[in-house]
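# Summary of the model geometry
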Amino acid sequence: MSEQLKFIASMFKMCMSEFDMVMGPETIMTIFRLIGERQGEAIEKRMREKFNVKEWTPSDFANYIVKDVFEPALGEGGAEVIVSSDNELIIKFKICPFEKAGIDISKKFYCTYTEGLTENSAKKAFGDAEIISEDLKSNGAPICTIKIKIKQ
Amino acid sequence: MSLVDEAKKVLTELGEKVNILGSAVIRTNGLMIVSSLPIESNERMIAAMSAALLGTSKRTAEALFNGNFRSLNLEIDKGNMFLIGAGKVILVVLTDVAPNVGLITLEMESASEKLSKIFG
């Protein structure tokens, strides 16, 4: 990590610590959830336009979100999306970018960002979708696994 | 009966006991579970702001008296908002400008105990 990035990561850690002390974890988790939801909406729109998608299928959604969103952020192989049936997506994140930046993830502040992004992008693509289970690195799991049910 | 239906029942019973304009059950991460807020409300943002109010109120309670947050009454020129923590969820109630604070607080405490049990 460059010195500049180290400085920004350090500032980010200090900001989160102060936000937590002043406003509490509920506030931080809510803000990250909202950011994730907005990102999810924007991501779905961007992919639909970029790949000229008329109607999403779970497998197209899985392929494009890995290629266009997760891999640029996490590196190749950093995430995979499995279509377990016509109505379920299993998203596996092998790398947490926050943890990689040396940020303490045990308070689960940043998990709500990922939840909001994955759930809302699927909602926008398929009309309705919700997270039905998750297993998170912040809870001690080796990787983050988020299962999303598509309700069509 | 689903958890959502049980929460709806708690809100309905609360509305029968006290004069309220709307109510909602919200997760502490700012997601709406059940609501009967006035139609013009932006539910998503109300849910997010309620979680933020709970977080800030808890921290203020600790800083002021080293105490534990119990409830919040937000007085607004056009009505009031009451907020109480209920374990993993938050109960929010909207009233007119001149509510019976004692009765509402009492009934909200009772409703929050029920919600705490419902959502574990």
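Heads up: these notes are all about the structure in this document. (Residues numbered from 1 in each chain as written. Chains lettered and ligands numbered in written order. Predicted model: local features only at pLDDT ≥ 70, side-chain atom pairs only at ≥ 80, totals over all residues.)

Our focus in this paragraph is the overall build of chain A. Helix and strand counts for chain A stand at five helices and four strands. Radius of gyration (C-alpha) of chain A: 16 Å, near the 15 Å computed for a compact globule of 152 residues. With the principal axes as the frame, chain A shows a C-alpha extent of 45 × 30 × 30 Å. Relative to its full complement of 152 residues, chain A shows a buried share of 34%. (Helix = DSSP H or I, 4+ residues; strand = E, 2+ residues; numbered from the N terminus. Rg over C-alpha atoms; globule rule 2.2 N^0.38 Å. Buried ≥ 20, exposed ≤ 12 C-beta atoms within 10 Å, placed from the backbone.)

Contacts between the two partners involve 12 residues from chain A and, on the opposite side, 11 residues from chain B. Mapped by element, the contributors of at least two residues to the side of chain A that touches chain B are α1 (3-23) and α2 (25-50) of chain A. Broken down by element, the side of chain A that touches chain B gets its largest block of residues, seven residues, from α2 of chain A. (Contact = placed C-beta atoms within 7 Å.)

Right, let's talk about helix α5 (residues 111-126) of chain A for a bit. Residues and elements named next belong to chain A. The end-to-end C-alpha distance of α5, which contains 16 residues, comes to 22 Å, matching closely the 22 Å that a straight helix rising 1.5 Å per residue would cover. Extensive coverage of α5 is indicated by the burial of 14 of its 16 residues. A positive phi of about 95° marks G127, the residue just after α5. (Expected span 1.5 Å × (residues − 1).)

Attention shifts here to the environment of L54 of chain B. Of note, L54 of chain B is situated in helix α2 (residues 43-65). Here the alpha-carbon distance between L54 of chain B and N80 of chain B, two residues 26 residues apart in the chain, equals 16 Å. Once residues within four sequence positions are removed from consideration, L54 of chain B is found in contact with E26 of chain A together with T28, L83, G85 and I90 of chain B.

Residue and element names in this part refer to chain A. The strand order β1-β2-β4-β3 describes an open sheet built from four strands, whose pairing is antiparallel. Lying at the two open borders of the sheet, with one neighbouring strand each, are β1 (79-85) and β3 (129-135). Sheet twist, expressed as the average angle between the axes of neighbouring strands with direction ignored, equals 20°. Two elements, strand β2 (residues 88-93) and strand β4 (residues 144-150), share six bridges in a ladder whose sense is antiparallel. (Pairing = 2+ DSSP bridges. Axes fitted to C-alpha atoms, helices over the stretch in contact; angles between N-to-C directions.)

What follows deals with the pairing of strand β3 (residues 71-76) of chain B. Residues and elements named next belong to chain B. One ladder, built from six bridges, connects β3 with strand β4 (residues 79-86); its direction is antiparallel. Along β4, the bridge assignment pairs N73 with F82. Here β3 folds back onto β4, and the loop between the two strands holds two residues.

All names here are of chain A. Where helix α3 (residues 58-74) bends most, at V66, the angle is about 40°. Among all positions in α3, only P58, F61, Y64, I65, V69 and F70 are buried. Those residues of α3 that are buried lie in contact with α2, β1, β2, α5 and β4. Just beyond α3, the residue with positive phi is G75, at close to 95°. (Bend = angle between axes of the 7 residues up to and from the residue.)

Residue and element names in this part refer to chain B. The antiparallel open sheet is built from five strands, whose spatial order is β2-β1-β5-β4-β3. Only two strands of the sheet have a single partner each, and these edge strands are β2 (32-35) and β3. If you compare each strand with its neighbour and ignore which way they point, the axes differ by 15° on average.

So, about unusual backbone geometry. One non-glycine residue, K108 of chain A, adopts positive backbone phi at about 65°. Along the polypeptide, K108 of chain A turns up in the loop between α4 (97-100) and α5. Given 17 C-beta atoms within 10 Å, K108 of chain A falls into the partly exposed group. Even without being a glycine, N66 of chain B presents a positive backbone phi close to 55°. By the element assignment, N66 of chain B lies in the loop between α2 and β3.

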